[in-house]
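# Observations on the model geometry
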Amino acid sequence: MDHAAHLVRTRVLAPDQAARALAAAHDGDLASAALRLGLAAEADLARALAELHGCPAVDFSKSVVPTANLEVVAPPFCRERRVLPVSVSRTEIVLAMADPEDHALADEVRFVTGRNVLRYAAVPAAIDRTLDALGKVLADAF
C-alpha cells in the first residue's frame, strides 16, 4: 500500500506536503510525520487511513479514552504494539491500531482479554500522544 499516493489522491496532502512528510517519516510512518509537521489534521489522516485499511477510524483529538481501559490492555503492551483500547465492554474492545491489518495482534488481544476485538485505524503518533497523556493522568493520581 502506498500511503503517500493515497493521501495525495484523497487530497489530505498536496504532493509537495507528501514529499516533506516522507522525508521526515521514521520507519515509513507518513501519517505521523504529516501530523507532527502540521501538514494535515488528525481527523483527515485517520479517515484516509481507515479508507486505505477498510475499517473505521479513531480521531483522538475528538475522543476521550478512560484510563480504566488500560487495566484491560496494559500500557507497556499498548506502547510497544502501538494500540490503544478506546472502548471496552464486557464482550468487545474497540482497539485503535497503527496497523489495523495486523490480524495476529488483534487475535492476541482477543485471546488475552477474552473479548472480541473491533479493529480501528488511528494515526500512530496520535496513539503515542494519547498514551503519554493517559500515563500523566495515572501518574498524577498517585
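Because the structure is predicted, anything quoted here is derived from the model rather than measured.

### Examining the pairing of strand E1 (residues 83-88)
In terms of strand pairing, E1 meets strand E2 (residues 92-97) through five bridges, oriented antiparallel. Across the sheet, the residue bridging to Val 88 is Ile 93, located in E2. Between E1 and E2, which follow one another and run antiparallel, lie three residues.

### A few points about the nonpolar core
Counting residues in each nonpolar core, the largest one holds 46 residues, and the members touching the most others are Leu 13, Leu 45, Phe 60, Leu 84 and Val 123. The contact partners of Val 123, leaving out residues within four places of it in the chain, are Ala 31, Ser 32, Leu 35, Glu 42, Leu 45, Ala 46 and Leu 49.

### With respect to the layout of surface pockets
Counted as a void, the largest pocket has a volume near 200 Å³. For the largest pocket, the full set of lining residues is His 3, Asp 27, Gly 28, Asp 29, Leu 30, Ala 31, Leu 49, His 53, Arg 82, Ala 98, Asp 99 and Pro 124. Along the lines of polarity and charge, the residues of the lining of the largest pocket split into five nonpolar, three polar and four charged.

### Notes on unusual backbone geometry
Excluding glycine, residues mostly carry a negative phi; peptide bonds, for their part, are mostly trans. Although it is not a glycine, Arg 11 adopts a positive phi angle of roughly 65°. As for its position among the elements, Arg 11 is in the loop between helix H1 (3-9) and helix H2 (15-24). Judged by its relative accessible area of 76%, Arg 11 is exposed. Its identity as a non-glycine residue notwithstanding, Arg 82 has a phi of 55°, on the positive side.

### Digging into the sheet that holds E2
Taken in spatial order, the three strands make up an open sheet running E1-E2-E3, and their pairing is mixed. Of all the strands in the sheet, the pair left with one neighbour each is E1 and strand E3 (116-121). Neighbouring strand axes in the sheet, compared pairwise and without regard to direction, differ in orientation by 30° on average. Where E2 meets E3, six bridges bridge the pair, whose relative direction is parallel. Bridging from a neighbouring strand, Leu 95 pairs with Arg 119 of E3. The strands touched by helix H7 (residues 124-140) are E1 and E2; relative to E1, the strand with the most contacts, the crossing angle is about 70°.

Quick notes on the rules
- Residues numbered from 1 in each chain as written.
- Predicted model: local features only at pLDDT ≥ 70, side-chain atom pairs only at ≥ 80, totals over all residues.
- Heavy atoms only, no water.
- Pairing = 2+ DSSP bridges.
- Helix = DSSP H or I, 4+ residues; strand = E, 2+ residues; numbered from the N terminus.
- Core = buried A, V, L, I, M, F, W, Y, C linked by side-chain atoms within 4.5 Å.
- Buried < 20%, exposed > 50% of the residue type's maximum accessible area, 1.4 Å probe, protein only.
- Contact = heavy atoms within 4.5 Å.
- 1 Å grid on protein atoms, 1.4 Å probe; cavity = no way out; pocket = protein on both sides within 12 Å on 5 of 7 lines; lining within 4 Å.
- Points joined across faces, edges and corners; volume = space filled by probe spheres on them.
- Nonpolar A, V, L, I, M, F, W, Y, C, P; charged D, E, K, R; others polar.
- Axes fitted to C-alpha atoms, helices over the stretch in contact; angles between N-to-C directions.

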